[in-house]
Structure formats: structure tokens, C-alpha cells
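# Summary of structural features
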Amino acid sequence: MKKRVFSGIQPSGHLHLGNYLGSIRNWVRDLDSHDNIFCVVDQHAITVDYDPAVLRSNVRELVGLYLACGLEPDKCCLFVQSHIPEHTELAWLLTCVTPMGWLERMTQFKDKVGAKRERAGTGLFTYPTLMAADILLYRTHEVPVGNDQKQHVELTRDIAERFNRKFGEVFIVPEPVIAAVGARIMGLDDPTAKMSKSAPGDHHSIGLLDDLKKIRKTIMRAVTDSEQSIVFDPARAGLFNLLSIYQALTGQEQAEIETHFAGKGYGDLKKQVAEVVIAEIEPIQARYRELTADPTYIDGVLADSVDQLRPIVDATMDEVRRAMGHR
Ligand code: ATP
Ligand code: LTN
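First things first, this report covers the structure right here in the doc. These figures come from a predicted structure and were not determined experimentally. (Residues numbered from 1 in each chain as written. Chains lettered and ligands numbered in written order. Predicted model: local features only at pLDDT ≥ 70, side-chain atom pairs only at ≥ 80, totals over all residues. Heavy atoms only, no water.)

### Description of the nonpolar core
We count it as follows: The term nonpolar core refers to a set of buried residues drawn from Ala, Val, Leu, Ile, Met, Phe, Trp, Tyr and Cys, joined through side-chain atoms within 4.5 Å. Buried, partly exposed and exposed residues are distinguished by accessible area as a fraction of the type maximum, computed with a 1.4 Å probe on protein chains only: under 20%, between the cut-offs, and over 50%, respectively. In DSSP terms, a helix is any run of H or I states spanning at least four residues, a strand is any run of E spanning at least two, and both are numbered starting from the N terminus. For this analysis, residues touch if any pair of their heavy atoms sits within 4.5 Å.
Judged by nonpolar contacts, the single largest core of 57 residues is most densely connected at Phe38, Tyr66, Ile219 and Val277. The leading source of residues in this core is helix α11 (residues 266-292), at 10 residues. Other than its neighbours up to four places away in sequence, Ile219 contacts Leu188, Ile206, Leu242, Lys270, Val273, Ala274 and Val277. In terms of nonpolar packing, the next biggest core, distinct from the first, is built from 42 residues, Phe6, Ile37, Val97 and Leu124 among them.

Structure below.
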């Protein structure tokens, strides 16, 4: 029996290199060895202020990119969270077994609300119970995510264990899977901040659908330091970030990369980082253009996946409703 993998991305903006290296690329690599379910989590994207028309278009773009990055529909289920209403039903049930204190410890919530806590939507606070529902609904074994989501997957484990203790062994307790390289790509204009869809600044992130000239420019302008040697030193955040991108895309060892760049300057390094990034992204953009030329194709993929997932969803929800005394 193959292990089941579940992961998701919010359609809250344009997909960037951090999302790709921290998540999708690892999903594609493990397609054959796992039983795979990937979701566009549109109900997570409504926890902050948003425009419905933009959300609709972001969902289609993200599904197109999932496919273009290599998530072949005959090897995985690809679907949109709101197309399976049991995600929100299970989220409510799990909210009722989740102590406030557990949610109050979540750093993503604290970072996102900042000083505006009183005005933040309640959904932003309970967001991790919806994520737990996504994962537990499919009896998932592994959740491949970037470093920033580890805390949420650990919370999901705690919720599953608490539920199982109180109501019987219903849920599988999932494991987070975090890549050794590329799990936390930093902003190119500010290597102390995680590359993020919502960060301002024209040269902060590398969008998977960005113009290739712009990508090159963003990398050439990346913030580094005034030292000379090209070595993996986490204290030199800008350089470390560029080297990590290079390492993630070439698959080489750190020592090999340091030898390769010995005696070279930052200009050379940036040029070569731009080359490997563009070599990865260019074919994705070409496939994206092909796939999205026929919008009915994407609709078909999404509908087929929902049909395939239906029996799993029904079986889990039947057990959950009985265990909780609703049936
Ligand atoms: P944002 O990209 O705006 O920070 P987010 O992290 O809140 O968005 P998603 O876009 O849903 O949320 O993240 C999708 C996946 O990409 C998750 O697995 C997340 O851990 C990963 N990820 C996000 N940012 C990075 C990054 N800078 N480096 C590596 N992985 C990342
Ligand atoms: N919270 C995640 C997105 C997300 C997710 C999930 C990831 C929602 N549901 C289930 C893995 C599994 C984020 O902000 N990146």
C-alpha cells in the first residue's frame, strides 16, 4: 500500500519560486511512490480581505500551474477545496475539539494580524482547524510543505490524537515532510523575510509566470553583502539564499558548489542562478500556455478528481459523525 500524501496551496496571489521549491516540486518528484491528493485551498484564501473575481481567476491560474509543473492527472487527484463541502463541516467539528490556547500559539496568525488583532476575521484565527480538516479527511500519512507550515501540521497531529482519545481511533496521525533544501526561500530584496505572495516590492519574488527578463533582473539586483568569498554561510542571508536556490535546482552538494564558484564574484553567481532558474521556469510557462488554451480540459480534471475522492470523503465523514454522536 502506497502512503497517502495531501497538500495544498492558497490561491491568494501568483505562485512564486518559494512555493515551487518548498512544495510543488517535491510533490512532483514523489508522484509514483505515493497515493497523491493536491488541493487549491480557496476557503483558506478568504480568511483575509479579497476580491471574488480575483479569487476565481487565481484558482484557475493555480490549477493550470499545478498541471504545468508536472502534477499529471492520471497520477494524482487535483481539486478545489470548496468543491467538497465536507472540508468545512469537518473543520467545524475539529474546531470544537481544539483548545483556544493551541490556536493562540500559531505564529502565522500572529505574523498575519500584527497589531490589527481586534479587526482580523475569526476565520484567520481558526484557519489551522480547516487545514487539519483538509488533511484528516483523506486519512493522510504525509504532508509535504515548506518550513513555515510545519507548526500547522504538528497542530493537526495534536488535534487528531485528541479526537482519537475522546471518540475512538478515527484519524491517521500525519507526518510533516519538509525538504532539506529549498523549504524556506527568502525575498530577493530582503533576505531576512520569507519570499511571500503578498509582500510588496517589484523585485521581491520570482513569479512562476513572470516575464523571463524581469526574473533575470530580480536575481541580478538581489541584495547580498560586501564580502568576497562564495560559501554557504547562513549568517550571510542574501548569499545563502542565492546559493540555496542554485543548490535546490542543480541537486549538487554544498562543497561542489563552493568549489565551482571559488574565485568568482557575485555577478557571476547571480548570472548562473538566473540561468538555472530560467531553465526550470521556461518549460513550465510553455506548458501552462498550452494547457490553459483549452479551459474545458481543466474543468474535466477537477470534476474527475472530485468523483474519485467522494468515496474516501463519505467513509471518513460517516465514521466521524457516528463517533461524535450525530448519527
Ligand atoms: P505566501 O507565499 O504568500 O507566503 P503562504 O505561505 O501563506 O503564502 P501558500 O501559498 O499556500 O501560503 O503556501 C504554499 C506552500 O508553499 C506551502 O507548503 C508553504 O510552506 C510553501 N512556501 C511558501 N512560501 C515559501 C518560501 N518562501 N519558501 C519555501 N516554501 C514556501
Ligand atoms: N496553510 C497552508 C495551506 C494549506 C495546506 C493545507 C497545506 C491549507 N490546507 C493542507 C498542506 C495541507 C499555507 O498557508 N501554506
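### Some remarks on the pattern of salt bridges
Just so we agree on the cut-off: Basic side-chain nitrogens of Lys or Arg form a salt bridge, by our definition, when they fall within 4 Å of a carboxyl oxygen of Asp or Glu.
In the structure shown here, the tally under the stated rule is 18 salt bridges. Among the salt bridges present, the one from Arg310 reaches Glu86, with a minimum N-O distance of 2.8 Å. Note that Arg310 is positioned in helix α12 (residues 295-323) and Glu86 in helix α3 (residues 86-95), a separation of 224 residues in sequence. When the shortest N-O distance is used, the salt bridge between Glu319 and Arg139 registers 3.0 Å. Separated by 180 residues along the polypeptide, Glu319 in helix α12 and Arg139 in the loop between α6 (122-137) and β4 (142-144) bring together distant segments of the chain. Owing to a relative accessible area of 34%, Glu319 belongs among the partly exposed residues under this scheme. What you see here is one network of salt bridges that share partners, running through Asp32, Glu72 and Lys75.

### Points about the site of ligand 1
Spelled out, the test is: Nearness is defined per residue: one heavy atom within 4 Å of the molecule or strand is enough. For the purposes of these results, a polar contact is taken to be a pair of N or O atoms within 3.5 Å, where, inside protein, one atom must be able to donate a hydrogen and its partner to accept one; residues adjacent in sequence count only when each atom of the pair is a side-chain atom. Amino acids are sorted into nonpolar (Ala, Val, Leu, Ile, Met, Phe, Trp, Tyr, Cys and Pro), charged (Asp, Glu, Lys and Arg) and polar (every other residue, Gly among them).
Close to ligand 1 lie 21 residues, the nearest being His16, Asp148, Ile185, Lys194 and Lys197. Contact between ligand 1 and Gly18: a nitrogen atom at 3.0 Å from a main-chain N or O atom of the residue. One nitrogen or oxygen atom from the main chain of Met195 is found 3.0 Å from a nitrogen atom belonging to ligand 1. Tallied by class, the residues present in the shell around ligand 1 amount to 5 nonpolar, 11 polar and 5 charged.

### Digging into the side chain of Gln108
One can find Gln108 in helix α5 (residues 107-113). Since its relative accessible area comes to 15%, Gln108 is described here as buried. Only 2.8 Å separates the side chain of Gln108 from the side chain of Gln149, close enough to count as a polar contact. Ignoring anything within four residues of it in the chain, the contact list for Gln108 reads Tyr127, Asp148, Gln149, Gln151 and His152.

By themselves, these observations are geometric and do not establish any function.
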